[in-house]
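# Remarks on the overall topology
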Amino acid sequence: MPSNILYKERIASDILRIWQCEEEVPTVAIAGNMSIVKLKKNELVYREGQRPTVLFYLVSGKVKIVKECGLGRAQIVRAVKQQQFLGYRAFFAKECYTTSAMAFEDSVVATLPLDMAVGMMDGHSSIARYFMYDLSTILGMTDGRIVSLTQKHIRGRLADTILDLMDNYGTDEEHGVLNIMMNRDDLASMSNMSTSNAIRTLSAFANEGMVNVEGKKIRILDEEKLRRVSRLG
């Protein structure tokens, strides 16, 4: 097992590579200000209403971004995969978090003080460009999700969710199984429908040969047919 500082330096090296400034910033400068948080499934990364102070980087695992809807209900807004950053938009907007982030599964998150990250952006344009690109990508995805969740029928919404999960997390190359196991409640929340509707629609997709379902595992059998359902809405 590597020592804690070597582990942090390895993560710092990955971050600097993503930011495309490996040769400009020493890894020790990042590692020295880094904290590592280990999360169990369904543990919070941050909570809606809190004030952002740190930049989160998902080292391993999977995280869901959740919006409280009142009456004890919550909507899964999007999914985050490893080597992605989260929790910084609210800081730039000078507001508290408008969503919560929760672990889909056991995960490891690294944190850096946001003031430090912003200072590095001021000195390194590649870091600023990265976050401009990341925010723009998320905004485009969000626009598409809004249309899907508010304008499409339940078949189109569920097809979009399955395709989004496939695009985000990929599949087992040999068997075509999504690299994430979701319970039906989460699948329903991400598709903006009741759990019973999600179960029925997923069963219909299986009967039509688009997917195969084994417990929480979803195997993609006919991607083109799924995309056609998505297009038809």
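Residues numbered from 1 in each chain as written. Predicted model: local features only at pLDDT ≥ 70, side-chain atom pairs only at ≥ 80, totals over all residues. Heavy atoms only, no water.

## Focus on the packing of aromatic side chains
Cut-off, in case you're wondering: Side-chain rings of Phe, Tyr and Trp (the six-membered ring for Trp) are treated as a pair once their centres are within 6.5 Å; stacked means planes under 30 degrees apart, edge-to-face means over 60, and tilted covers the remaining angles. Elements are defined by DSSP. Helices are runs of H or I of four residues or more, strands are runs of E of two residues or more, and each kind is numbered from the N terminus. Working definition: with a 1.4 Å probe on protein chains only, accessible area under 20% of the residue-type maximum means buried, over 50% means exposed, and in between means partly exposed.
In the structure shown here, the tally under the stated rule is 11 aromatic pairs. Ring centres 5.7 Å apart and planes at 15 degrees place the aromatic pair Trp-19 and Phe-85 in the stacked group. Here Phe-85 lies in strand β6 (residues 85-86) and Trp-19 lies in helix α1 (residues 4-19), a separation of 66 residues in the sequence. Residue classification places Phe-85 among the buried residues on the basis of a relative accessible area of 2%. Considering the side-chain rings of Tyr-57 and Phe-85, the 5.0 Å spacing of their centres and the 45 degrees angle between planes classify their relative orientation as tilted. Here the residue Tyr-57 occupies a position in strand β3 (residues 54-60), and Phe-85 occupies one in strand β6, the gap between them amounting to 28 residues.

## A closer look at the sheet that holds strand β4 (residues 62-70)
Counted only if it meets this: Here a strand pair is declared whenever DSSP counts at least two bridges between the two strands. Only the stretch in contact is used when fitting a helix axis, every axis being a line fitted to C-alpha atoms; angles between N-to-C directions are given from 0 to 180 degrees. Residue contacts are counted whenever heavy atoms from the two residues lie within 4.5 Å of one another.
Across the sheet, 4 strands lie side by side as β2-β7-β4-β5; this open sheet has antiparallel pairing. Among the strands making up the open sheet, the edge pair consists of β2 (44-46) and β5 (73-81). When strand polarity is set aside, the average angle formed by the axes of neighbouring strands in this sheet is 35 degrees. Where β4 and strand β7 (residues 100-103) come together, 4 bridges link them in antiparallel fashion. In the sheet register, Ile-65 faces β7, and the bridge partner there is Ala-101. Along the sheet, helix α6 (residues 154-169) makes contact with β4 and β5, crossing β5 at roughly 30 degrees.

## A word on the packing of helix α7 (residues 184-191) against helix α8 (residues 195-207)
The following threshold applies: Should an angle fall under 35 degrees it is called roughly parallel, over 145 degrees roughly antiparallel, and 65 to 115 degrees roughly perpendicular, with every other angle called oblique.
It is at 8 Å that the axes of α7 and α8 come closest, and there the two elements cross at 95 degrees. It follows from the interaxial angle that α7 and α8 lie roughly perpendicular. Of the residues in α8, those in contact with Arg-184, Asp-185, Leu-187 and Ala-188 of α7 are Thr-195, Ala-198, Ile-199 and Leu-202.

## What about the pattern of salt bridges?
As a reminder, the rule being used: A side-chain nitrogen of Lys or Arg and a carboxyl oxygen of Asp or Glu constitute a salt bridge if their distance falls within 4 Å.
All told, the structure shown has 12 salt bridges when counted by the stated rule. Taking the shortest distance from any N to any O, the salt bridge between Lys-67 and Glu-48 comes out at 3.2 Å. Taken as a pair, Lys-67 in strand β4 and Glu-48 in the loop between β2 and β3 lie far apart in primary sequence, 19 residues in all. We classify Lys-67 as partly exposed; its relative accessible area is 32%. Asp-186 is the partner of Lys-64 in a salt bridge, and the nearest nitrogen-oxygen pair spans 3.1 Å. Within this pair, whereas Lys-64 is found in strand β4, its partner Asp-186 is found in helix α7, the two being separated by 122 residues in sequence.

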